[in-house]
Number of protein chains: 2
Amino acid sequence: MEHAMSDDPTRFSNMANAIRALSMDAVQAANSGHPGMPMGMADVATVLWSDYLKFDPAAPDWADRDRFVLSAGHGSMLIYSLLHLSGYAAPTLDDIRNFRQLSSPCAGHPENFLLDAVEATTGPLGQGLAMAVGMAMAERHLNAEFGDDLVDHRTWVVAGDGCLMEGINHEAIGLAGHLKLGRLVVLWDDNNITIDGAISLSSSENIPARYEATGWHVVSCDGHDEADIRRALDEAVAETGKPTLVRCTTVIGKGAPTKSGTSKIHGAPLGEDEIAAARKELGWPHDPFVIPEDVLADWRATGERGGKAHADWVTRRDGSSHKAEFERRMSGELPYGEKAGRTLRKWLESPEKLATRAASEKTLEVLTPHIPEMFGGSADLTGSNNTKTAATEPFTAENYGGRYAYYGIREFGMSAAMNGMALHGGIIPYGGTFLIFSDYARGAIRLSALQQARVIYVMTHDSIGLGEDGPTHQPIEHLQSLRAMPNVLVMRPADRVETAECWNIALQQKDRPTVLALSRQGLPQVRNSPDEIGMCEKGAYRLKRAGSKRAVVLVATGSEVSLALDCAEKLEKQGIGADVVSMVCTELFDEQDAAYRADMLPADVFKVTIEAGTTYGWERYSGTDGMQFGIDRFGASAPAPALFEKFGLTAEAIVPKIIQKING
Amino acid sequence: MEHAMSDDPTRFSNMANAIRALSMDAVQAANSGHPGMPMGMADVATVLWSDYLKFDPAAPDWADRDRFVLSAGHGSMLIYSLLHLSGYAAPTLDDIRNFRQLSSPCAGHPENFLLDAVEATTGPLGQGLAMAVGMAMAERHLNAEFGDDLVDHRTWVVAGDGCLMEGINHEAIGLAGHLKLGRLVVLWDDNNITIDGAISLSSSENIPARYEATGWHVVSCDGHDEADIRRALDEAVAETGKPTLVRCTTVIGKGAPTKSGTSKIHGAPLGEDEIAAARKELGWPHDPFVIPEDVLADWRATGERGGKAHADWVTRRDGSSHKAEFERRMSGELPYGEKAGRTLRKWLESPEKLATRAASEKTLEVLTPHIPEMFGGSADLTGSNNTKTAATEPFTAENYGGRYAYYGIREFGMSAAMNGMALHGGIIPYGGTFLIFSDYARGAIRLSALQQARVIYVMTHDSIGLGEDGPTHQPIEHLQSLRAMPNVLVMRPADRVETAECWNIALQQKDRPTVLALSRQGLPQVRNSPDEIGMCEKGAYRLKRAGSKRAVVLVATGSEVSLALDCAEKLEKQGIGADVVSMVCTELFDEQDAAYRADMLPADVFKVTIEAGTTYGWERYSGTDGMQFGIDRFGASAPAPALFEKFGLTAEAIVPKIIQKING
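Residues numbered from 1 in each chain as written. Chains lettered and ligands numbered in written order. Predicted model: local features only at pLDDT ≥ 70, side-chain atom pairs only at ≥ 80, totals over all residues. Heavy atoms only, no water.

The name recorded for chain A in an unreviewed UniProt entry is Transketolase, from Aurantiacibacter atlanticus. Looking at chain A in UniProt, the text filed under Subunit (unreviewed entry) is "Homodimer." Per its UniProt entry, chain A bears the Sequence similarities (unreviewed entry) comment "Belongs to the transketolase family." (UniProt positions renumbered as here; feature names shortened; annotations may be inferred.)

Participant: Even after reading the chapter, I still don't get the overall build of chain A, so can you show me in this structure?
Facilitator: Check the secondary structure of chain A and you find 26 helices and 20 strands. Taken against the 2.2 N^0.38 rule, which gives 26 Å for 664 residues, the C-alpha radius of gyration of chain A at 28 Å falls within 12% of a compact globule. Relative to its 664 residues, chain A shows a buried fraction of 69%. Considering only intrachain contacts with a sequence separation of at least 6, the fraction spanning at least 24 residues in chain A is 78%. (Helix = DSSP H or I, 4+ residues; strand = E, 2+ residues; numbered from the N terminus. Rg over C-alpha atoms; globule rule 2.2 N^0.38 Å. Buried < 20%, exposed > 50% of the residue type's maximum accessible area, 1.4 Å probe, protein only. Contact = heavy atoms within 4.5 Å.)

Participant: Looking at this model, I keep getting lost on the sheet that holds strand S10 (residues 404-406) of chain A. Mind explaining?
Facilitator: Strands belonging to one sheet form pairs held by backbone hydrogen bonds; the direction of such a pair is parallel or antiparallel. Residue and element names in this part refer to chain A. What the six strands build is an open sheet, ordered S10-S9-S11-S12-S14-S13; its pairing is parallel. Across the chains shown, the open sheet's two edge strands, defined by having one partner strand only, are S10 and strand S13 (489-491). Taking each pair of neighbouring strands and ignoring which way they run, the sheet shows an average axis angle of 20°. Where strand S12 (residues 456-460) meets strand S14 (residues 514-517), four bridges bridge the pair, whose relative direction is parallel. From the neighbouring strand, Ile456 faces S14, where its bridge partner is Thr514. (Pairing = 2+ DSSP bridges. Axes fitted to C-alpha atoms, helices over the stretch in contact; angles between N-to-C directions.)

Participant: How do you make sense of the UniProt feature "domain: Transketolase-like pyrimidine-binding" (unreviewed entry) in chain A when you look at a structure like this?
Facilitator: Mapped onto this numbering, the UniProt entry gives "domain: Transketolase-like pyrimidine-binding" (unreviewed entry) at residues 354-525 of chain A. Within the segment residues 354-525 of chain A, helix and strand shares are 36% and 18% respectively, and the terminal C-alpha atoms sit 7 Å apart.

Participant: Got a minute to help me understand helix H4 (residues 76-86) of chain A in this structure?
Facilitator: Each turn of an α-helix holds 3.6 residues, which means side chains three or four residues apart point in the same direction. Residue and element names in this part refer to chain A. Counted residue by residue, H4 has 11 buried out of 11 residues, so it is predominantly covered. By the burial criterion, the buried members of H4 are Ser76, Met77, Leu78, Ile79, Tyr80, Ser81, Leu82, Leu83, His84, Leu85 and Ser86. Where H4 is buried, its residues meet helix H1 (9-30), helix H2 (36-40), helix H3 (42-51), strand S1 (67-70), helix H5 (93-97) and helix H12 (293-318). Taken from the residues just after H4, Gly87 is the one with a positive phi, measuring 110°.

Participant: Would you mind going over the interface of chain A and chain B with me for this structure?
Facilitator: Often, the extent of an interface is quoted as the loss of accessible area on bringing the components together. On the side of chain B, 99 residues touch chain A, which itself brings 99 residues to the contact. Contact between chain A and chain B buries roughly 8,100 Å² in total, counting both sides, with carbon and sulfur atoms accounting for 57%. The salt bridge partner of Asp469 of chain B is Arg100 of chain A, with a shortest N-O separation of 2.6 Å. Linking chain A with chain B are 52 residue pairs in polar contact (both at pLDDT 80 or more), by the criterion used here. Top contributing element to the side of chain A that touches chain B by residue count: helix H18 (residues 438-450) of chain A, with eight residues. (Buried area = accessible area lost by both parts, 1.4 Å probe. Salt bridge = Lys/Arg side-chain N within 4 Å of Asp/Glu carboxyl O. Polar contact = N/O pair within 3.5 Å; in protein donor to acceptor, adjacent residues only side chain to side chain.)

Participant: So what exactly am I meant to see when it comes to the environment of Arg11 of chain B here?
Facilitator: Within the secondary structure, Arg11 of chain B sits in helix H1 (residues 9-30). Sequence separation between Arg11 of chain B and Asp298 of chain B is 287 residues, and the spatial gap between their C-alpha atoms is 7.7 Å.

Participant: What should I look at first to understand the packing of helix H17 (residues 411-424) of chain A against H18 of chain A in this one?
Facilitator: Residues and elements named next belong to chain A. Running from N to C, H17 and H18 cross one another at 15°; their axes reach a closest spacing of 7 Å. One element, H17, and the other, H18, form an angle in the roughly parallel class. Viewed along their axes, H17 and H18 form a crossing whose handedness is left-handed. For the pair H17 and H18, contact is made by Glu411, Phe412, Ser415, Ala416 and Asn419 and by Tyr440, Ala441, Gly443, Ala444, Leu447 and Ser448, respectively. (Parallel < 35°, antiparallel > 145°, perpendicular 65-115°, else oblique. Left-handed = near helix turned anticlockwise from the far one by under 90°.)

Participant: Just checking my understanding: could you explain the domain arrangement of chain A for this structure?
Facilitator: With domains assigned, chain A is organised as domain 1 (10-312), domain 2 (337-517) and domain 3 (538-663). Its C-alpha centre places domain 1 of chain A at a distance of 52 Å from the equivalent point of domain 3 of chain A. (Domains from an automatic or database assignment.)

Participant: Whenever I open this one, the UniProt feature "active site" (unreviewed entry) in chain A confuses me. Can you help?
Facilitator: UniProt's entry tags Glu411 of chain A with the feature "active site" (unreviewed entry), counted in the numbering of this structure. By secondary structure assignment, the location of Glu411 of chain A is in helix H17. Residue Glu411 of chain A is classed as buried on the basis of its relative accessible area of 3%. Beyond its immediate chain neighbours, meaning those up to four positions away, Glu411 of chain A contacts Glu171, Ala379, Thr433, Phe437, Tyr440 and Ala441 of chain A together with Glu166 of chain B.

Participant: How should I be thinking about the pattern of salt bridges in this particular structure?
Facilitator: A side chain with one charge may pair with a side chain of the opposite charge, provided their charged atoms come close. Taken as a whole and assessed by the stated rule, the structure comprises 88 salt bridges over all chains. Among the salt bridges present, the one from Arg542 of chain B reaches Asp579 of chain B, with a minimum N-O distance of 3.1 Å. Residue Arg542 of chain B is located in strand S16 (residues 541-544), and its partner Asp579 of chain B is located in strand S18 (residues 577-582); the two are separated by 37 residues in the primary sequence. Each member of the pair, Arg542 of chain B together with Asp579 of chain B, is buried. In the salt-bridge network here, residues are joined through shared partners; they are Glu145, Glu325, Arg328, Arg329 and Glu373 of chain A.

Participant: Explain the relation of the copies chain A and chain B here, please?
Facilitator: The second copy of the chain is related to the first by a rotation about an axis and a shift along the axis. Relative to chain B, chain A is turned by 180° and slid 0.0 Å along the rotation axis, the superposed coordinates differing by an RMSD of 0.0 Å. The superposition operator between the copies reduces to a two-fold rotation axis. When the interface residues of chain A are mapped onto chain B, 100% of them again fall at the interface, so both copies present the same face. (Least-squares fit on C-alpha atoms with pLDDT ≥ 70 in both.)

Participant: What's the story with the sheet that holds strand S9 (residues 374-378) of chain B in this structure? I'm lost.
Facilitator: Residues and elements named next belong to chain B. Here we have six strands laid out as an open sheet, ordered S10-S9-S11-S12-S14-S13, and parallel in their pairing. Of all strands in the sheet, those with a lone pairing partner are strand S10 (404-406) and strand S13 (489-491), marking the two edges. Neighbouring strand axes in the sheet, compared pairwise and without regard to direction, differ in orientation by 20° on average. Of the pairings in the sheet, the one linking S9 to S10 comprises three bridges and is parallel in character. Counterpart to Gly376 in the pairing with S10 is Tyr404. Here helix H16 (residues 411-424) sits on the sheet and contacts S9, strand S11 (428-434) and strand S12 (456-460); the angle it forms with S11, its principal contact strand, is near 165°.

Participant: Is there a simple way to think about the packing of aromatic side chains in this case?
Facilitator: Each pair of aromatic rings is reported with the distance of its centres and the angle of its planes. All told, the structure shown has 38 aromatic pairs over all chains when counted by the stated rule. Seen in terms of ring centroids, Tyr430 of chain B and Trp503 of chain B are 5.5 Å apart; in terms of plane orientation they differ by 85°. Their pairing is edge-to-face. Pair noted here: Tyr430 of chain B is in strand S11 and Trp503 of chain B is in helix H19 (residues 496-508), with a separation of 73 residues, a long-range link. For the residue pair Tyr430 of chain B and Trp503 of chain B, the accessibility class agrees, reading buried in each case. Joined through ring pairs, the aromatic side chains of Trp49, Phe55, Phe68 and Tyr88 of chain A make up one cluster. (Phe/Tyr/Trp six-rings, centres within 6.5 Å; stacked < 30°, edge-to-face > 60°.)

Participant: How should the pairing of strand S6 (residues 217-222) of chain A be read in this particular structure?
Facilitator: Where a strand is regular, its side chains alternate between the two sheet faces. Residues and elements named next belong to chain A. Relative to strand S7 (residues 244-249), S6 is paired through six bridges, and the arrangement is parallel. Note on S7: the bridge partner recorded for Ser220 is Arg247. Following the backbone out of S6, through helix H10 (residues 226-238) and into the adjacent parallel S7, one traces a crossover that is right-handed. (Right-handed = clockwise from strand over helix to strand, strands pointing away.)

Following this line, the structure appears as structure tokens:
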């Protein structure tokens with residue numbers, strides 16, 4: 001590595017102090033924020049940015065850039081400082097002055113949707129590192145597909161003690177170690193401080209030994225010694241067979257005379273007096289938000305290496321036979337338009353009873369050969385989630401060309417890795433677990449939604465219909481609690497036709513994740529007319545129109561749609577006309593115009609919802625004068641039919657109640 | 001240790017084979033379940049039960065019994081076999097015959113509410129071990145308080161590879177290692193198999209080295225060699241300064257000739273042929289569910305040690321000066337009745353603006369000195385959650401008498417440990433984090449609810465009111481998604497008076513957890529009449545009655561109650577009578593009789609809900625013809641007042657919309 005600054009230590013320290021000054025001044029101006037980490041990691045970041053990180057400030061979307069993830073997202077002023085100083089168009093100095101204000105892209109935590117060069121939204125601790133694992137997986141996979149000429153970059157992470165203490169750290173580093181992701185480097189800000197005080201209050205572990213036990217290469221450095229940092233990064237880069245943890249011993253809030261090294265500087269402004277004293281200690285006499293020309297020039301020079309590398313890469317790309325396909329992949333465009341497909345027509349013509357998880361597998365068998373960017377996996381439930389297809393070979397340390405990950409018993413780690421893959425680009429990740437374990441992965445599902453990432457969650461065993469495994473495995477509140485989350489499509493298809501349509505819709509969502517809730521148990525096919533294709537796109541549709549005068553609309557999802565049809569048949573026999581609406585996705589339905597919604601759910605007709613989960617929330621569609629059939633308690637262990645009977649989810653139990661209500 | 005069976009290896013193997021036979025036969029009869037683990041761990045369990053575990057089948061509630069937690073809960077037939085064979089009243093042989101049927105307490109996974117001797121509900125992987133950490137903390141704490149005569153027992157765990165791979169494992173063992181819980185022993189079923197196949201598909205870590213790096217003592221044994229198991233358990237018991245991991249090398253499904261050692265036997269019946277072959281291989285000629293008298297007698301003898309130990313303990317307890325207090329503590333009864341307290345009256349007489357998190361701290365300062373079983377803590381947010389009081393000294397390896405845990409950045413681990421403490425008995429755990437991180441802890445919150453455990457979650461920073469930290473830290477869907485979960489009280493108090501009442505209610509819930517959602521920002525005191533005490537008990541109450549003819553009922557929670565009062569004032573000025581209802585807890589309100597509910601929320605009056613979170617679900621209380629003010633997107637980073645304005649949660653924004661609707 002070239003060591004641009006090492007001939008003049010003052011130039012280096014001025015560069016690092018520019019980060020410190022911007023950080024403490026911005027936090028002071030906002031009167032809130034976290035100065036400790038940026039001040040502590042300023043030296044490490046300056047070395048990384050100067051001579052290691054591959055980036056081009058003029059092209060934040062350059063596909064072969066190194067990925068930099070600030071996992072300790074509260075230290076957001078570190079990345080805002082780095083981006084501004086090195087010459088990105090955003091953030092501007094004014095943006096930094098307005099740190100944490102409504103008008104500024106410099107939010108309290110880095111948000112990928114506010115600044116192009118922020119690779120990931122971080123702040124929920126541990127997830128940045130876990131997303132970086134997914135980025136490093138994506139890099140190796142695309143490298144295997146497109147070669148060194150097009151894809152050959154590293155993933156760098158800055159992580160704090162919080163990121164290393166969170167449970168997801170174990171899952172993420174286990175995956176990275178197992179997959180031998182040698183181009184992933186984690187810079188651990190080892191400052192011995194947490195919010196509550198010294199780390200010895202809550203932890204005694206030997207972190208380097210733990211990482212080594214998990215298949216990582218570990219090196220250490222004095223995080224305030226430029227030469228030592230370089231040595232450590234050189235060692236990290238030299239190791240290509242394992243991911244590397246660089247233990248950077250630092251002083252939190254370095255430069256603040258009385259507060260550095262204490263928890264006081266972690267998450268609060270320094271105060272005017274301490275800032276004045278820090279300016280003296282650092283030898284930084286400049287006014288707030290003023291960066292001297294020479295320091296700025298040194299910083300702007302850091303981006304030049306990358307400009308050259310980027311230009312070379314463009315030349316290689318333009319000469320590559322892979323160019324068109326690579327650009328398509330990175331653009332996120334699917335290889336086909338919005339076609340519904342011949343398979344669907346075939347299925348409509350020959351109805352079959354099938355679990356929707358099995359229908360999902362059959363759909364994937366059709367899709368995965370044609371959509372090479374689909375990258376599957378499961379958290380150790382491959383045979384239950386039905387996520388593996390013939391076209392998806394295992395992704396292993398020996399074969400990065402594969403596109404099926406055995407994620408292990410790591411639901412949260414899998415989900416965060418999928419976020420990282422989606423953010424990296426060039427890949428559409430999907431992964432399976434039981435719907436109940438959406439609880440374990442929930443932090444990552446939320447980040448899929450917030451980051452507008454196309455991640456597809458295949459969540460099977462979606463109700464008491466899973467039967468004997470009992471209440472610990474039976475989702476009750478999960479569908480509604482996921483529907484309550486902004487920017488997620490929760491889809492619960494009723495049969496194999498709807499399942500195929502849902503996959504099609506999910507793949508087209510470039511800016512949001514989808515949860516596919518699928519049954520363990522077999523479900524009859526409820527839609528059989530070849531003319532009816534794409535019905536799921538509006539989120540809800542009329543599957544059956546009332547035969548006699550309509551007295552009730554039955555709204556159901558997934559496995560309860562066929563139950564609603566049974567109920568309708570019984571009602572019609574008694575002269576009560578009943579529509580059946582399949583509400584496959586409430587979020588899409590809510591997006592329809594008022595006329596469509598009123599047509600499906602007329603204001604003046606009695607409405608009944610049926611879903612084998614909590615009724616909480618269903619009043620939105622039934623009205624409070626309608627009825628909601630569901631389960632407002634935990635489930636039980638028994639064969640599925642016994643459970644549906646126990647919880648009153650049979651036509652025999654439901655129909656009399658509807659009739660009583662209509663007559664009463 | 002006394003080695004009862006070691007003189008006759010046949011007697012030992014028959015005992016172990018009784019477990020194997022019951023397990024494979026019960027799974028076969030149910031046509032579902034997990035025979036692999038019970039068959040693999042039968043030898044280890046037989047040694048443990050015979051000579052190490054302290055238990056009395058006649059008294060499953062004996063306070064000083066050892067706690068046994070089957071963290072790999074899918075192997076439930078192991079514990080059902082052990083309980084039945086060793087002489088507990090339940091499960092009976094008939095219960096086992098009806099494994100996984102509606103009538104049987106032998107559910108798919110062990111449920112603490114179905115069988116007295118099941119210490120914890122397990123199945124969601126990793127959580128059993130993490131709850132055991134809490135049990136071991138409770139044991140050491142009560143030992144420090146009541147001495148060896150009354151409290152002196154061990155906590156034993158059987159865990160599989162899944163439990164060790166889950167992220168929560170890292171949090172749990174980090175806590176246990178740091179706290180030097182030397183009386184905790186984890187028996188790791190090291191069988192090299194996961195559901196997807198060989199563990200090498202997904203993991204390469206050196207687990208013993210990882211545990212050692214985390215402060216654990218590690219020993220290994222051949223899990224099918226009686227003498228070697230004893231040696232390992234002797235070493236585990238001899239180590240009192242560290243928790244111990246016993247690596248038990250086993251063959252999954254041991255005894256099944258063709259399926260043992262493979263993933264095929266993990267979670268499916270063996271089939272009649274394989275069972276017949278296994279009977280031959282094991283030398284077990286007996287019919288299904290038949291246990292020969294001599295084998296049963298050997299098993300029943302295992303309980304006798306415990307009967308004697310229990311009797312000795314009763315003698316010690318009856319002679320102890322601590323007897324009354326110890327029994328009160330273990331019974332779960334509070335030291336006082338349902339008193340509201342003088343503090344509350346004082347607060348009502350001198351209103352003060354206060355963040356509810358600060359009000360919670362002031363309440364805790366009053367409660368903790370008088371309720372010694374309250375055991376506090378925070379996941380590294382002590383100063384933000386306001387959970388520490390003068391009366392709660394830190395609980396550390398050096399001072400188990402303390403009752404405040406610095407849990408570190410381990411939200412899930414903290415929550416599971418609290419479940420373990422509550423299940424152990426003698427302790428009422430409460431712990432803090434930000435409400436947003438309920439996502440990280442959600443799996444444990446669900447188990448608090450399912451296990452009917454009195455755990456109090458102190459969740460501060462409960463809305464956009466936290467301001468600058470932005471969308472990663474601002475709960476939007478969390479209140480509603482927790483309300484959707486069965487058997488949890490979600491309380492969102494509006495001021496310091498309500499906060500104190502909520503604490504009082506939460507402490508009285510012996511069979512369910514409570515989530516206290518508390519504000520970061522200061523809130524005006526909305527209730528000031530000394531006559532009005534205990535209003536929160538019905539979940540919702542009329543805080544203000546319409547001055548003129550009532551035209552609208554405003555329903556709000558927490559920080560939005562004062563906003564609702566502002567709106568009411570503005571409405572009244574325009575001649576529109578407005579009630580204000582503080583809906584502090586929807587679950588308690590739903591439990592009130594119809595007359596009370598109709599009095600608060602009359603069917604024929606226009607109703608408006610206001611809560612700074614998703615509106616999804618609020619139609620239950622407003623009706624679909626009412627209005628719901630809230631936030632149906634992710635938040636943003638800015639000072640709190642700017643955010644309330646941006647999202648339209650001000651009287652200026654709300655009142656005109658209400659008037660328009662009333663007039664329109």
